[in-house]
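Commentary on secondary and tertiary structure
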Amino acid sequence: MRRTLEGTRRKKKRVSGFRARMVTPGGRRVIRKRRLRGRKKLSI
């Protein structure tokens, strides 16, 4: 069985990069929660 984001950097960024997160309401929620927790790194 393969791992989820095996492969290219481009695919990784497209799926779970900052810009990808900001497009959807759910993604924005993820970023907000990570900010509230005080994460140094918000996304890939």
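For the structure itself, look to the data block above.
Reading the values: rules and limits
Residues numbered from 1 in each chain as written. Predicted model: local features only at pLDDT ≥ 70, side-chain atom pairs only at ≥ 80, totals over all residues. Heavy atoms only, no water. Helix = DSSP H or I, 4+ residues; strand = E, 2+ residues; numbered from the N terminus. Buried < 20%, exposed > 50% of the residue type's maximum accessible area, 1.4 Å probe, protein only. Expected span 1.5 Å × (residues − 1). Contact = heavy atoms within 4.5 Å. Patch = residues over 30% accessible without salt bridge, like charges linked within 9 Å, V, L, I, M, F, W, Y side chains within 5 Å. Areas by Shrake-Rupley, 256 points an atom, 1.4 Å probe, with all protein chains shown as cover. Salt bridge = Lys/Arg side-chain N within 4 Å of Asp/Glu carboxyl O. Lys, Arg positive; Asp, Glu negative; His and termini not counted. Charge placed at Lys NZ, Arg CZ, Asp CG, Glu CD.

**With respect to the overall build of the protein chain**
When helices and strands are tallied, the protein chain shows 3 helices and 0 strands. From first element to last, N terminus to C terminus, the protein chain shows the α and β order α-α-α. For the protein chain, the C-alpha atoms occupy an extent of roughly 35 × 20 × 20 Å along the three principal directions. Counting across all 44 residues of the protein chain, residues that qualify as buried make up 14%.

**A few points about helix α3 (residues 25-37)**
With 13 residues, α3 ought to run about 18 Å at 1.5 Å a step, and its terminal C-alpha atoms sit 19 Å apart, in line with that. A positive backbone phi angle near 85° is found at Gly38, which sits one or two residues after α3.

**Re the side chain of Ser16**
Note that Ser16 resides in helix α1 (residues 9-16). Leaving out residues up to four positions away in the same chain, Ser16 has contacts with Leu5, Arg21, Ser43 and Ile44.

**Some details on the environment of Met22**
Counting through the fold element by element, Met22 comes out in helix α2 (residues 18-23). According to the relative accessible area criterion, Met22 is partly exposed, its value standing at 25%. Placed 14 residues apart in sequence, Met22 and Thr8 show a C-alpha to C-alpha distance of 21 Å. The contacts of Met22, once residues within four sequence positions are left out, are Arg28 and Ile31.

**Re the side chain of Ser43**
One can find Ser43 in the segment after α3. A relative accessible area of 16% means that Ser43 is categorised as buried. Excluding anything up to four places from it in sequence, Ser43 contacts Ser16, Gly17, Phe18, Ile31 and Arg34.

**Considering a positive patch on the surface**
A surface patch of positive charge is lined by Arg9, Lys12, Lys13 and Lys41. Tracing the backbone through its elements, the reader meets Lys41 in the segment after α3. Among the residues examined, Lys41 registers a relative accessible area of 57% and is labelled exposed.

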